[in-house]
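Residues per chain are reported as follows:
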Amino acid sequence: MRLAVNIDHIATLRNARGEKEPDPIEAALLAEQCGVAGIVCHLREDRRHIKDNDLARLRQAITTKLDLEMAMTTELQEIALRTKPELITLVPEKREELTTEGGFDIVRHFRFLTEFLKPFKLAGIEVSIFIEPEKKTISLAAEAGTDIVELHTGLYALKQNDERVLELKRIREAAAFAKSLGLKVVAGHGLNYINIAPFREITDIEEVSIGHAIIARAVMTGLEEAVREMLRILK
Ligand code: PXP
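Read on for a plain summary of the structure.

## Notes on the sheet that holds strand β3 (residues 66–70)
In a beta sheet, neighbouring strands are held together by backbone hydrogen bonds and run either parallel or antiparallel to one another.
Argument step 1. Sheet architecture is closed into a barrel: 8 strands sit in the order β1-β2-β3-β4-β5-β6-β7-β8, paired in parallel fashion. For this sheet the average axis-to-axis angle between neighbouring strands, irrespective of direction, equals 25 degrees.
Argument step 2. With 4 bridges joining them, strand β4 (residues 87–90) and strand β5 (residues 126–131) adopt parallel strand pairing. Residue pairing for β5: L90 is matched across the bridge by I129.

Written out as structure tokens, the structure is:
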């Protein structure tokens with residue numbers, strides 16, 4: 001199974017001090033060197049982490065696959081068509097949310113969505129839609145013209161015991177259904193070093209998109225070396 005790494009929170013950390021470090025582009029290149037399939041960033045309406053300039057620099061630097069997560073707005077559509085990532089992922093976006101809270105409401109936006117996707121097709125940019133693992137939503141996503149569906153795993157990550165088993169079953173069945181319609185299937189949100197294990201068996205899911213768990217782990221695994229280095233200098 002392939003891994004795409006979301007580097008938004010490297011930018012969150014950088015923005016906390018308004019300085020240049022840590023640099024999300026440097027992080028993306030490091031992840032690429034490790035063998036990931038792609039780099040994901042979410043250019044949010046409020047630009048709270050990734051900024052326009054980061055996106056432009058990522059476009060220049062990335063040699064695997066740049067996946068731009070974005071809301072379905074004309075502003076973002078223009079930016080995406082200009083930047084030409086290999087892939088866009090449409091996500092619902094609420095200003096007040098801490099992170100993306102659930103899948104895209106296709107029933108509500110179906111007409112606009114279908115029109116919205118057309119220029120991307122013409123530009124040769126692949127399209128993914130972040131949705132709940134439900135058959136009806138998947139069918140509508142296919143009808144709207146998406147290439148890929150990203151199944152929301154946030155609920156799976158939150159649930160425990162039997163409820164988690166049930167949610168995993170729902171994801172597995174949704175993945176098989178999406179694949180039967182000719183869609184590529186990826187999954188993401190809330191996946192971490194422990195709850196990822198069963199996904200290795202779901203062969204219909206080609207790729208997972210993971211951000212928070214990897215960046216959080218990077219801080220803790222890197223901290224020891226960082227402190228030791230400073231101590232060496234001070235000696
Ligand atoms: N996929 C989508 C569509 C997302 O919006 C996010 C969060 O930015 C992720 C995957 C990654 O989620 P997490 O940071 O919980 O790994």
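Resuming the write-up.
## Brief notes about the packing of aromatic side chains
Argument step 1. Per the stated rule, a full pass over the model turns up 3 aromatic pairs.
Argument step 2. Their ring planes at 45 degrees and their centres at 5.8 Å tell us that F112 and F116 sit as a pair that is tilted. You can see F112 and its partner F116 sitting in helix α5 (residues 106–123), 4 residues apart, about one turn around the helix.
Argument step 3. Residues F116 and F120 carry aromatic rings whose centres are separated by 5.8 Å and whose planes lie at 45 degrees to one another, so their mutual orientation is tilted. Taken together, the positions of F116 and F120, both in helix α5 and 4 residues apart, correspond to about one turn of that helix. For the pair formed by F116 and F120, the shared burial category is buried.
Argument step 4. Feature note: the residues F112, F116 and F120 constitute an aromatic cluster, connected by ring pairs.
Argument step 5. Just above the ring of Y193 sits the side chain of R217; from NZ or CZ to the centre is 4.0 Å.

## Quick notes on the packing of helix α4 (residues 74–83) against α5
Argument step 1. Relative orientation of the contacting elements α4 and α5 amounts to 0 degrees, with a least axis distance of 11 Å. Classified by the interaxial angle, the pair formed by α4 and α5 is roughly parallel. For the pair α4 and α5, the contacting residues are T74, Q77, A80 and L81 in the first and F116, P119, F120 and A123 in the second.
Argument step 2. Split by residue class, the contact of α4 with α5 holds 6 nonpolar, 2 polar and no charged.

## Some remarks on the pattern of salt bridges
Argument step 1. For the structure on display, the rule yields 17 salt bridges.
Argument step 2. The shortest N-O distance in the salt bridge between E75 and R47 comes to 2.8 Å. Placement of the pair is E75 in helix α4 and R47 in the loop between β2 (38–42) and α3 (52–61), with a sequence separation of 28 residues.
Argument step 3. Residue R232 pairs with E225 through a salt bridge whose shortest N-O separation is 3.2 Å.
Argument step 4. With a relative accessible area of 52%, R232 lands in the exposed category.
Argument step 5. Residue class for E225 comes out partly exposed when judged on its relative accessible area of 42%.
Argument step 6. The network of salt bridges with shared partners includes R2, K65, E206 and E207.

Calculation criteria
Here, residues in each chain are numbered from 1, in the same order as that chain's written sequence. Per-residue local features are limited, in this predicted model, to residues with pLDDT of at least 70; the limit for side-chain atom pairs, both in listing and counting, is 80 or more; totals at the level of whole chains, interfaces and linings are taken over all residues. As a rule here, side-chain values cover all heavy atoms of the structure and leave hydrogens and water aside. Pairing between two strands is assigned when DSSP locates at least 2 bridges connecting them. Helix numbers and strand numbers start at the N terminus; a helix is a DSSP run of H or I with at least 4 residues, a strand a run of E with at least 2. A fitted line through C-alpha atoms serves as each axis, taken over the contacting stretch for helices, and the angle formed by two N-to-C directions is quoted from 0 to 180°. Any pair of Phe, Tyr and Trp rings, taking the six-membered ring for Trp, is counted once the centres come within 6.5 Å. Such a pair is stacked with planes under 30 degrees apart, edge-to-face with planes over 60 apart, and tilted for the rest. Think of it in three bands: residues with accessible area under 20% of the maximum for their type are buried, residues over 50% are exposed, and the middle band is partly exposed, with areas taken using a 1.4 Å probe on protein chains only. Lysine NZ or arginine CZ positioned within 6 Å of the ring centre and within 35 degrees of the ring normal marks a charge as sitting over the ring. Note on terminology: angles under 35 degrees are roughly parallel, angles over 145 are roughly antiparallel, angles of 65 to 115 are roughly perpendicular, and the others are oblique. Residues are treated as being in contact if the distance between any of their heavy atoms lies within 4.5 Å. The nonpolar class holds Ala, Val, Leu, Ile, Met, Phe, Trp, Tyr, Cys and Pro. Asp, Glu, Lys and Arg form the charged class, and all remaining residues, Gly among them, are polar. The working definition used for a salt bridge is a side-chain nitrogen of Lys or Arg within 4 Å of a carboxyl oxygen of Asp or Glu.

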